[in-house]
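Notes for the structure review
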Amino acid sequence: NAEYGGGVCLVLFVFNESKFVTWWKIHKKPVLQFSLFTERNFLLANLGAFTAVLSRTIILLISILYLQGPFEKDPYFAGIMTIPLGLGILISGTFAGILSDKIGRKLLQVTGPIVSAMGALGLALFTDVSNYWKFAAALFFVGIGQGIYTSPNGASIMVS
């Protein structure tokens with residue numbers, strides 16, 4: 001029965017959102033102008049931001065489930081153990097914003113996902129007998145890459 005309820009909610013959501021888009025097209029001064037997405041740089045920067053947030057969310061969710069499984073941690077402590085991801089974003093995001101003003105955004109927008117992918121590759125190599133500190137280091141690298149990417153990408157969205 002839950003599947004039917006989810007299907008009904010999905011249909012109602014699509015119907016409601018189609019009315020929303022139609023309503024915004026009619027009005028002369030909408031809050032969100034969909035014509036902005038016709039500009040290539042704006043569209044690609046927003047798609048990049050979406051994929052970065054999606055990948056970060058997936059990595060965080062899988063990491064918490066991994067820590068609850070082989071490490072047998074409770075959900076609260078498993079969430080605490082994923083702090084290195086946020087620390088990596090915090091540290092690198094600050095410096096990436098400053099660095100992007102000096103060397104430009106494009107190099108950092110390429111480097112960030114590469115560093116993040118290297119950290120994700122490190123996470124993929126873990127087993128049930130792996131050391132937590134190596135796991136935390138890989139999470140930290142994912143966060144470093146995300147932080148390197150997010151600041152210059154946000155600037156690209158604002159400039160376009």
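Residues numbered from 1 in each chain as written. Predicted model: local features only at pLDDT ≥ 70, side-chain atom pairs only at ≥ 80, totals over all residues. Heavy atoms only, no water.

On to the packing of aromatic side chains. Taken as a whole and judged by the stated rule, the model has six aromatic pairs. Taken together, a centroid distance of 5.6 Å and an interplanar angle of 85 degrees make the contact between Tyr66 and Phe71 edge-to-face. Its relative accessible area of 16% is what places Tyr66 among the buried residues. Taking 5.1 Å as the distance between ring centres and 35 degrees as the angle between the ring planes, the aromatic pair formed by Tyr66 and Phe135 counts as tilted. Residue Tyr66 is found in helix H2 (residues 40–68), and its partner Phe135 is found in helix H6 (residues 132–159); the two are separated by 69 residues along the sequence. Of the residues examined, Phe135 reaches a relative accessible area of 2% and is grouped as buried. Three or more aromatic residues link up through ring pairs in this structure, and these residues are Tyr66, Phe71, Phe126, Tyr132, Trp133 and Phe135. (Phe/Tyr/Trp six-rings, centres within 6.5 Å; stacked < 30°, edge-to-face > 60°. Buried < 20%, exposed > 50% of the residue type's maximum accessible area, 1.4 Å probe, protein only. Helix = DSSP H or I, 4+ residues; strand = E, 2+ residues; numbered from the N terminus.)

We now examine the nonpolar core. Core analysis: the largest hydrophobic core is formed by 14 residues, its most contacted members being Leu67, Leu123, Phe126, Tyr132, Phe135 and Leu139. Listed by contribution, the elements that provide at least two residues to this core are H2 and H6. Take this core: its biggest share by element is six residues, from H6. When sequence neighbours within four positions are dropped, the list of residues in contact with Phe126 reads Tyr66, Asn131, Lys134, Phe135 and Ala138. Within the second largest apolar cluster, five residues are counted, among which are Leu108, Val115, Ile144 and Ile148. (Core = buried A, V, L, I, M, F, W, Y, C linked by side-chain atoms within 4.5 Å. Contact = heavy atoms within 4.5 Å.)

Our next topic: the confidence of the model for the protein. Looking at the protein as a whole, its pLDDT mean stands at 90, while 98% of the residues score no less than 70. Within the protein, the element-level pLDDT minimum falls on helix H1 (residues 2–26), averaging 83, and the maximum on helix H5 (residues 105–124), averaging 95. (pLDDT = per-residue confidence, 0-100.)

Below, the discussion takes up a nonpolar patch on the surface. A cluster of nonpolar side chains, contributed by Tyr76, Phe77, Ile80, Ile83, Leu87, Leu90, Ile91, Phe95 and Ile98, occupies part of the molecular surface with about 910 Å² of accessible area. Considering every element that reaches the nonpolar patch, the biggest residue donor is helix H4 (residues 83–103), with six residues. Structurally, Ile91 is set in helix H4. (Patch = residues over 30% accessible without salt bridge, like charges linked within 9 Å, V, L, I, M, F, W, Y side chains within 5 Å. Areas by Shrake-Rupley, 256 points an atom, 1.4 Å probe, with all protein chains shown as cover. Salt bridge = Lys/Arg side-chain N within 4 Å of Asp/Glu carboxyl O.)

Across its 29 residues, H2 extends 42 Å between first and last C-alpha, which sits within 8% of the 42 Å expected from 1.5 Å per residue. When H2 is considered as a whole, its buried residues turn out to be Phe42, Ala45, Gly48, Ala52, Arg56, Ile59, Ser63, Tyr66 and Leu67. (Expected span 1.5 Å × (residues − 1).)

This brings us to H4. Look at H4: 29 Å from first C-alpha to last across 21 residues, which is about the 30 Å you get at 1.5 Å a residue. Buried residues of H4: Pro84, Leu85, Gly88, Ser92, Gly93, Ala96 and Ser100, and no others. In this structure, the buried side of H4 is in contact with H2, H5 and H6. Two residues or fewer past H4, Gly104 is found with a positive phi of approximately 100 degrees.

Here the focus is the packing of H4 against H6. Two numbers describe how H4 lies on H6: the axes approach to 6 Å, and their chain directions differ by 30 degrees. For the element pair H4 and H6, the recorded crossing hand is right-handed. Here Pro84, Leu85, Leu87, Gly88, Ile89, Ile91, Ser92, Gly93, Ala96, Gly97 and Ser100 of H4 come into contact with H6, specifically with Tyr132, Ala136, Leu139, Phe140, Val142, Gly143, Ile144, Gln146, Gly147, Ile148, Ser151 and Pro152. Grouping the amino acids of the contact of H4 with H6 by side-chain chemistry returns 14 nonpolar, nine polar and no charged. (Axes fitted to C-alpha atoms, helices over the stretch in contact; angles between N-to-C directions. Left-handed = near helix turned anticlockwise from the far one by under 90°. Nonpolar A, V, L, I, M, F, W, Y, C, P; charged D, E, K, R; others polar.)

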